[in-house]
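Coordinate inspection notes
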Amino acid sequence: MKTITIRRPDDWHLHLRDGAVMEGVIGDTSLHFARAIIMPNLVPPVVTTADAQAYRQRIMAALPQGHRFQPLMTLYLTEHTDPEDVEQGKRSGLITAMKLYPAGATTNSHGGVRDLDKVMPVLERMAAIGLPLCVHGEVTTPEVDIFDREAVFIETVLDPLRRRLPELKVTMEHVTTKDGVDYIKSAASNLAGSITTHHLIINRNAILVGGIRPHYYCLPVAKREHHRLALRAAATSGDARFFLGTDSAPHVDPSKECGCGCAGIYTSPNTMSCLAHVFEQDGALDKLEAFVSLNGPQWYALPLNEETMTLAKQDEAVHFPVKRHTGAGAITVFDPMFPLHWAVVDQ
Ligand SMILES: NC(=O)N[C@@H](CC(=O)O)C(=O)O
Ligand SMILES: [Zn+2]
Ligand SMILES: [Zn+2]
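What you are looking at is a predicted structure, and each value in this text was computed from that prediction instead of being measured. Residues take numbers from 1 onward in each chain, read along the sequence in its written order. For this description, chains carry letters from A and ligands carry numbers from 1, given in the order in which they are written. Where local features are concerned, this predicted model is filtered to residues with pLDDT of at least 70; where side-chain atom pairs are given and counted, the filter is 80 or more; whole-chain, interface and lining totals use all residues. Working from all heavy atoms in the structure, the side-chain values ignore hydrogens and water.

Coordination shells were defined by N, O and S atoms within 2.8 Å of each metal, extended to 3.2 Å for Na, K and Ca; water is absent from the atom set, which can make sites look incomplete. Every protein donor of the zinc ion (ligand 2) is accounted for by H136 (ND1) and H174 (NE2), and the metal-donor separations fall at 2.0 to 2.1 Å. Square planar and octahedral sites, with four and six donors, are those where opposite donors lie more than 155 degrees apart and all other angles lie between 65 and 115, tetrahedral sites have four donors with every angle between 85 and 135 degrees, and the rest are irregular. Classification of the site at the zinc ion (ligand 2) as irregular follows from its four donor atoms and the range of 54 to 147° in their angles at the metal. Three exposure classes are used, based on accessible area relative to the maximum for each residue type with a 1.4 Å probe and protein chains only: buried under 20%, partly exposed in between, and exposed over 50%. For H136, a relative accessible area of 1% translates into the label buried.

See the structure below:
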C-alpha cells in the first residue's frame with residue numbers, strides 16, 4: 001500500500017465559531033492538526049487580548065479528551081484597537097497575528113476597517129514588534145465586480161500599504177487568483193500566502209453549473225480555472241511562501257440553503273485526504289509536508305511539530321460523513337466531487 005509520513009500538520013486559517021457549533025466541529029481539526037490560527041470573527045468579534053484569553057479557554061474546554069491541540073489566537077483589528085493591548089497580547093505569547101477584515105468584505109466583518117489611516121498606529125506597532133497582519137484581501141467597493149475584488153485589493157490597498165510600511169509582515173489569506181500568487185512571488189520579503197483546500201479543487205463552475213450550489217460558495221469566491229491551476233502550482237511547488245490555511249468555515253445548513261446564504265465551506269474532516277489526492281495527482285506528494293507542516297511554522301517563526309502523521313492510499317474509496325451534526329444543527333461537509341482514497345491511518 002502506498003503511504004506517506006509527514007510531520008503533523010497545522011492549519012493557518014480556521015473558523016471554530018463558539019458554543020454548540022464549536023463543540024461539534026473542533027474534534028475534526030484537533031484529530032489531525034497540531035495547531036491552528038483561530039479566526040476572530042465571532043459575534044461579537046474577538047477584539048481585545050482579554051477577549052482572546054476567554055475565547056482560548058472556551059476552545060480548550062471544548063477539546064475532545066485525549067486530543068492535543070494548540071489554538072493560535074488572533075485579534076480582529078478595528079479602528080479602536082489599542083496598540084498597547086496588542087503589544088501586551090503578543091508579549092504574553094497569547095496573540096499570534098492581527099486580522100484585517102475590510103468592513104463588509106465577508107461573514108461578520110461589519111466591524112472591520114473602513115479607513116486604513118485610522119489603524120496605522122497599530123500597524124506601525126506590529127511592524128516594530130514583529131506581529132504579522134493576516135488579511136482578507138478583497139475590496140468592498142460596490143462598483144468592483146466580485147470576481148475582481150482580490151486583484152483590485154492587491155493593487156489599491158495591499159501594495160500601497162506594503163510600500164508605506166515595508167517592515168510589516170503580511171499574510172495574504174485564502175489566495176484565490178493568479179494575481180495573488182504572482183504578487184506573493186514578486187515580493188522579496190515580508191509577504192506570504194495561505195491557500196485553502198477547496199480552492200485547489202473547485203473553480204466557479206462548482207457553484208453555478210447545473211443549479212446554484214450553496215455548499216461551494218465561500219469568500220473570496222472561487223474563480224476561473226486558470227486561477228485554480230495557478231494556486232495548484234504554487235501549493236505543490238514547495239515554495240516556502242505558500243502554506244495551508246483551510247478556511248474551514250462551518251455554517252449550519254439553514255444558513256447556507258436559503259435566499260441569501262452565508263459564505264463558507266466546511267473542509268476540516270476530509271482536508272488531509274483531499275490534499276493527498278491533489279498532491280499525488282500533480283506528482284508532488286513529496287511537497288505535501290512543506291505545504292502543510294513546514295512553510296507555515298517557518299513564516300510564523302514557530303517550532304516545527306515533532307509528531308508525525310501517516311496517510312495511506314486505500315484500494316476502496318474512503319467515506320466521510322456527509323454532515324457533521326452539532327447541537328446547533330447539521331453542517332454539510334465539503335464534497336470534492338471525486339472519490340477519495342487517501343486516509344489518515346496514524347497520527
Ligand atoms: N471564507 C468564508 O467564506 N467565510 C468565512 C469568512 C472568511 O474567511 O472570509 C466565515 O467566517 O464564514
Ligand atoms: Zn476571509
Ligand atoms: Zn476565513
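The next subject is the UniProt feature "binding site: Zn(2+) 1" (unreviewed entry) in the protein. UniProt marks H13, H15, K99 and D247 with the feature "binding site: Zn(2+) 1" (unreviewed entry), using the numbering shown here. In summary, the annotated positions, though distributed over 235 residues, converge in three dimensions, the widest C-alpha pair being only 13.4 Å. Examined against the element boundaries, H13 turns out to sit in strand β2 (residues 11-14). For H13, a relative accessible area of 1% gives the class buried. A run of H or I in DSSP becomes a helix once it reaches four residues, and a run of E becomes a strand once it reaches two; helices and strands are each numbered from the N terminus. Within the secondary structure, D247 is located in the loop between β9 (242-244) and α9 (253-256). UniProt positions are given in the numbering used here, feature names are shortened, and annotations may be inferred rather than shown by experiment.

Moving on, we come to the site of ligand 1. Residues are counted as near a molecule or strand when any one of their heavy atoms sits within 4 Å of it. Neighbouring ligand 1 are 15 residues; R17, N41, T106, L219 and D247 lie closest to it. For ligand 1, an oxygen atom lies 2.8 Å from a polar atom in the side chain of H251. Computed with a 1.4 Å probe, the accessible areas rest on the Shrake-Rupley method; for each residue, only the protein chains presented here act as cover. For ligand 1, whose accessible area on its own is 320 Å², the fraction buried by protein is 100%. Following the grouping adopted for this structure description, the nonpolar residues are Ala, Val, Leu, Ile, Met, Phe, Trp, Tyr, Cys and Pro, the charged ones are Asp, Glu, Lys and Arg, and the polar ones are all others, Gly among them. Grouping the amino acids of the shell around ligand 1 by side-chain chemistry returns four nonpolar, nine polar and two charged. Two N or O atoms form a polar contact when they lie within 3.5 Å of each other; inside protein one atom must be a possible hydrogen donor and the other a possible acceptor, and for residues adjacent in sequence the pair counts only when both atoms belong to side chains.

It is worth spelling out the sheet that holds strand β4 (residues 70-76) at this point. Should DSSP find at least two bridges between two strands, the strands are taken to pair. The eight strands are arranged β2-β3-β4-β5-β6-β7-β8-β9 in an open sheet whose pairing can be described as parallel. The outermost strands of the open sheet, each flanked by one partner alone, are β2 and β9. Strand-to-strand twist across the sheet, computed as the mean angle between neighbouring axes with direction ignored, equals 30°. Bridging between strand β3 (residues 35-38) and β4 involves four bridges; their strand directions are parallel. Bridge pairing in β4 links A36 to P71. Axis definition: a line fit to C-alpha positions, over the contact stretch in the case of helices; interaxial angles, taken between N-to-C directions, run 0 to 180 degrees.

For our purposes a nonpolar core is just a set of buried Ala, Val, Leu, Ile, Met, Phe, Trp, Tyr and Cys residues, chained together by side-chain atoms within 4.5 Å. Ranked by size, the top nonpolar core spans 93 residues in total, and within it L16, L123, L133 and L311 carry the most contacts. Note on definitions: a residue-residue contact is assigned when non-hydrogen atoms from the two residues lie within 4.5 Å. Every residue in contact with L123, bar those within four places of it in the chain, is listed here: L77, L116, L133, L161, L165 and L168. Membership of the second largest hydrophobic core comes to 12 residues, among which are M39, A97, A192 and F243.

This part takes up the coordination of the zinc ion (ligand 3). Taken together, the protein ligands of the zinc ion (ligand 3) are H13 (NE2), H15 (NE2) and D247 (OD), with distances of 2.0 Å. For the zinc ion (ligand 3), the four donor atoms are set out with angles of 93 to 132° between them, so the coordination reads as tetrahedral. Each donor residue of the zinc ion (ligand 3) belongs to the same chain, and together they define the spacing H-x1-H-x231-D. Here the zinc ion (ligand 3) and the zinc ion (ligand 2) are spaced 3.8 Å apart. Placement of the pair is H13 in strand β2 and D247 in the loop between β9 and α9, with a sequence separation of 234 residues.

Sheet strands pair by backbone hydrogen bonding; their relative direction is either parallel or antiparallel. Strand order in this open sheet of three strands is β1-β10-β13, and the pairing throughout is antiparallel. Two strands close off the open sheet at either side, each with one partner strand: β1 (3-7) and β13 (342-346). Sheet twist, expressed as the average angle between the axes of neighbouring strands with direction ignored, equals 30°. Across four bridges, strand β10 (residues 308-313) lies against β13 in antiparallel orientation. Bridge assignment links T310 to a residue of β13, and that residue is D346. Along the sheet face, helix α10 (residues 271-281) touches β1, β10 and β13 and points at about 120° away from the line of β13. The strands touched by helix α11 (residues 288-299) within the sheet are β1 and β10, with β1 carrying the most contacts at an inclination of about 25°.

Turning our attention to the packing of aromatic side chains. Any pair of Phe, Tyr and Trp rings, taking the six-membered ring for Trp, is counted once the centres come within 6.5 Å. Such a pair is stacked with planes under 30 degrees apart, edge-to-face with planes over 60 apart, and tilted for the rest. Scanning all chains against the criterion turns up six aromatic pairs. Each ring, one from F243 and one from Y300, has its centre 6.1 Å from the other, and the planes form 65°; the classification is edge-to-face. Note that F243 is positioned in strand β9 and Y300 in the loop between α11 and β10, a separation of 57 residues in sequence. Joined through ring pairs, the aromatic side chains of W12, F243 and Y300 make up one cluster. Positioned over the ring face of W299 is K169, at 4.3 Å from the centre of the ring. Only Lys NZ and Arg CZ are tested; either one counts as a charge over a ring when it is within 6 Å of the ring centre and within 35 degrees of the ring normal. One cation-aromatic arrangement involves R204 over F147; the distance from NZ or CZ to the ring centre is 4.6 Å.

Let's shift gears to the state of the cysteines. Pairs of cysteine sulfur atoms within 2.5 Å are identified as disulfides in what follows. Per the counting criterion, the structure on display carries zero disulfides. Between C134, a cysteine without a disulfide, and C218, which holds the nearest cysteine sulfur, the sulfur-to-sulfur distance is 17 Å. Looking at the unpaired C262, the closest cysteine sulfur is the one in C258, lying at 6.5 Å.

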